[in-house]
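Coordinate analysis (summary)
The primary structure of each chain is shown beneath.
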Amino acid sequence: MKKIAIDCSRLNILYKSGTHRFLISFLKELVKREGFEFTFYFNQLDSNLVDYEFLKSGKIVKLNQSFYTQIGLLKELGKYDYFIFPWQTVPFLSFLTGGCVISIIHDSGYSFKTKLFTFLTQIFSNKLFSVSKNTADSLFVKSSTITEGVDSEVFFKIKENDLTKLRFQHNLPDKFILTVGRVEERKNIYTNLKAFSLIHNLYPSLKYCFVGKIELDEGSLYSYIDSLNIDRGRIVFKNYLDDKELNIYLNSCEFLVFTSQEEGFGLPVLEAYKVGKWVLLSQIKQLAEFKLTARQVVHFNKPAEIADAIVYFLSNKNMLKKEFDPENVLIKYSWKNSVDLFLKGLNL
């Protein structure tokens, strides 16, 4: 019986990013496998936030440490056959413990701090996994690719009658386009808003919803919206939606705008495809495998091009509905496949 521990510290948070949703779905599948004992580590525990089914399949350990990762977990490594770190914050003295450190890399980092931690994580890990080939190619240490997937129990097409009721209950706009992910520059927030300003007068009832934690100065963000002469009521920010609410938003939107400047994987694209929605994609290599048609690909730094694509997708809904066929993309990605590749990479 192999013993596997997982650093779940950042799951104890309200505002969940794609990395959090990756780990939740990944562990949901991993604990189904036989022959393992699982231990889940937290530095604190809020029962209102931590209510995951997979936790019932193992032991929960809470460490009250100021330096949770670097000191608290360092002392725990030798107790297990494998200790999984999904946050790119592996204990940097782990080689002293004799434990087997497994790290899952989501991107190469977007700031000096995250790039530094990713660099050190590569050095001090016994085995590396990446969530995409492009991420793997950006690292200087060889890693195995495990990809991601979509949980069909969470993201699915909602029946029209049910969706109408849910939209009313959750006070959704009548007509809106959607962006999912942290509200920050690398997600192309400013260029997307500029693109919307170019077409918002053509569609007076259209709104633009952003779902994700706002990482920018809100005053400056709203000042920029004002400078574009966009009515603030046309822009909706949702700092946090649980998965059930996010599924409702994805089902209800016209389409997803996902024109990031950089990405590790791009999980919201698969989630949108799963519920039957088109996605506008930026022309970056990380998103190339998700392309269904050339018309959905735009340059992230060209607001006029993004605006033209928005108009095209709003004006050709019936035709595009007939052409929508994401199955060849979706079939490549599943959490079962992700865990299979993970265990294969560990020779288990």
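Further up the page is the structure itself.
Residue positions are given per chain, counting from 1 as you read along its sequence in written order. For a predicted model such as this one, the threshold for reporting local features is a pLDDT of at least 70, and the threshold for listing and counting side-chain atom pairs is 80 or more; totals across whole chains, interfaces and linings nevertheless cover every residue. Side-chain metrics in this entry use all non-hydrogen atoms of the structure; hydrogen atoms and water are not considered.

1. Some remarks on the overall build of the protein
To be explicit about the condition: Starting at the N terminus, helices and strands are each numbered in turn, a helix being any DSSP run of H or I of at least four residues and a strand any DSSP run of E of at least two. Accessibility here uses a 1.4 Å probe with only protein chains present; expressed as a share of the type maximum, an area under 20% marks a residue as buried, one over 50% as exposed, and anything in between as partly exposed. In this description, contact between two residues means that some pair of their heavy atoms is separated by no more than 4.5 Å. Using a 1.4 Å probe, the Shrake-Rupley method yields the accessible areas, and only the shown protein chains count as cover for residues.
When helices and strands are counted, the protein shows 13 helices and 13 strands. For the C-alpha atoms alone, the extent of the protein along its principal axes is close to 65 × 40 × 35 Å. Classification of the 348 residues of the protein by burial places 53% in the buried group. In the protein, the share of contacts with a sequence separation of at least 24, taken over all contacts with a separation of at least 6, comes to 66%. Total accessible area on the protein is roughly 16,600 Å²; 48% of this is exposed by carbon and sulfur atoms.

2. Notes on the nonpolar core
Rules: Take the buried residues of types Ala, Val, Leu, Ile, Met, Phe, Trp, Tyr and Cys, join any two whose side-chain atoms come within 4.5 Å, and each joined set is a nonpolar core.
Phe26, Phe40, Leu178 and Phe290 are the most contacted members of the largest nonpolar core, which has 100 residues in total. Per-element accounting of this core gives the leading share, seven residues, to helix 10 (residues 303-315). Residues contacting Leu178, with those up to four places away along its chain left out, are Tyr208, Cys209, Val211, Tyr249, Leu250, Cys253, Phe255, Leu256 and Val257. The next biggest cluster of nonpolar side chains, apart from the first, holds 15 residues, and it includes Leu63, Leu73, Leu77 and Leu120.

3. Here's the deal with the sheet that holds strand 1 (residues 2-7)
Within a sheet, neighbouring strands are paired by backbone hydrogen bonds and run either parallel or antiparallel to one another. Applicable threshold: Strand pairing is assigned whenever DSSP identifies at least 2 bridges connecting the two strands. Angular values range over 0 to 180 degrees, each being the angle between N-to-C directions of two axes fitted as lines to C-alpha atoms, with helices fitted over their stretch in contact.
Spatially, seven strands are ordered 3-2-1-4-5-6-7 in an open sheet, and the strand pairing comes out parallel. In the strand order of this sheet, the two ends are held by strand 3 (58-62) and strand 7 (144-145), each with one partner. Where strand 5 (residues 101-105) meets strand 6 (residues 127-130), four bridges bridge the pair, whose relative direction is parallel. Pairing of Ile102 across the sheet is with Lys127, part of strand 6. The strands that helix 3 (residues 112-124) touches are strand 5 and strand 6; relative to strand 5, the one it contacts most, it runs at about 145°. The sheet contacts of helix 13 (residues 335-345) involve strand 2 (36-42), strand 4 (82-85), strand 5, strand 6 and strand 7, and relative to strand 6 the element is tilted by about 160°.

4. Overview of the packing of helix 5 (residues 160-169) against helix 8 (residues 243-252)
The condition is simple: For classification purposes, angles smaller than 35 degrees are called roughly parallel, those larger than 145 roughly antiparallel, those between 65 and 115 roughly perpendicular, and all remaining angles oblique. Crossing handedness is read from the near helix: turned anticlockwise from the far helix by less than a right angle, it gives a left-handed crossing, and turned clockwise, a right-handed one. Polar here means any residue outside two lists: the nonpolar Ala, Val, Leu, Ile, Met, Phe, Trp, Tyr, Cys and Pro, and the charged Asp, Glu, Lys and Arg; Gly therefore counts as polar.
Two numbers describe how helix 5 lies on helix 8: the axes approach to 10 Å, and their chain directions differ by 115°. In terms of orientation, helix 5 lies roughly perpendicular with respect to helix 8. In this structure, the crossing between helix 5 and helix 8 has a hand that is left-handed. Contacts from Leu163, Leu166 and Arg167 of helix 5 reach helix 8 at Ile248, Asn251 and Ser252. Of the residues in the contact of helix 5 with helix 8, the class split is three nonpolar, two polar and one charged.

5. Re a nonpolar patch on the surface
Our working rule: Patches here are clusters of residues that have more than 30% relative accessible area and form no salt bridge, with a 9 Å joining cutoff for like charges and a 5 Å cutoff for nonpolar side chains (Val, Leu, Ile, Met, Phe, Trp, Tyr). Here, a salt bridge means any Lys or Arg side-chain nitrogen found within 4 Å of an Asp or Glu carboxyl oxygen.
A contiguous nonpolar surface patch, about 540 Å² in accessible area, is contributed by Phe112, Leu116, Phe119, Ile123 and Phe140. Mapped onto the elements, Phe140 comes out in the loop between helix 4 (133-137) and strand 7.

6. Describing unusual backbone geometry
Look at Thr147: it is not a glycine, yet its phi comes out positive at around 55°. Position of Thr147 among the secondary structure elements: in the loop between strand 7 and helix 5. A residue is classified by how much of its surface remains accessible, and Thr147, at 14% relative accessible area, is buried. Its identity is not glycine, yet Asn347 carries a phi of approximately 60°, on the positive side. Note that Asn347 resides in the segment after helix 13.

7. Thoughts on the environment of Tyr80
Secondary-structure assignment places Tyr80 in the loop between helix 2 (68-72) and strand 4. Classification of Tyr80 by relative accessible area gives buried; the value is 14%. Between the C-alpha atoms of Tyr80 and Asp226, which are 146 residues apart in sequence, the distance is 55 Å.

8. Focus on the packing of aromatic side chains
Put simply, the rule is: Only rings of Phe, Tyr and Trp enter the pairing, Trp through its six-membered ring, and a pair is recorded when the two centres are within 6.5 Å. The plane angle decides the type: under 30 degrees is stacked, over 60 is edge-to-face, the rest tilted.
For the structure shown, the criterion picks out 30 aromatic pairs. Between Phe210 and Phe237, the ring centres sit 5.3 Å apart and the planes meet at 25°, which makes this aromatic pair stacked. In this pair, Phe210 sits in strand 9 (residues 207-211) while Phe237 sits in strand 10 (residues 235-238), placing the two residues 27 residues apart along the sequence. Judged by its relative accessible area of 3%, Phe210 is buried. Look at Phe237 and you get buried, because its relative accessible area is 16%. A ring pair is formed by Phe265 and Tyr333, whose centres lie 5.5 Å apart and whose planes are at 80°; its orientation type is edge-to-face. You can see Phe265 sitting in the loop between strand 11 (256-258) and helix 9 (267-274) and its partner Tyr333 sitting in the loop between helix 12 (327-330) and helix 13, a full 68 residues away along the chain.

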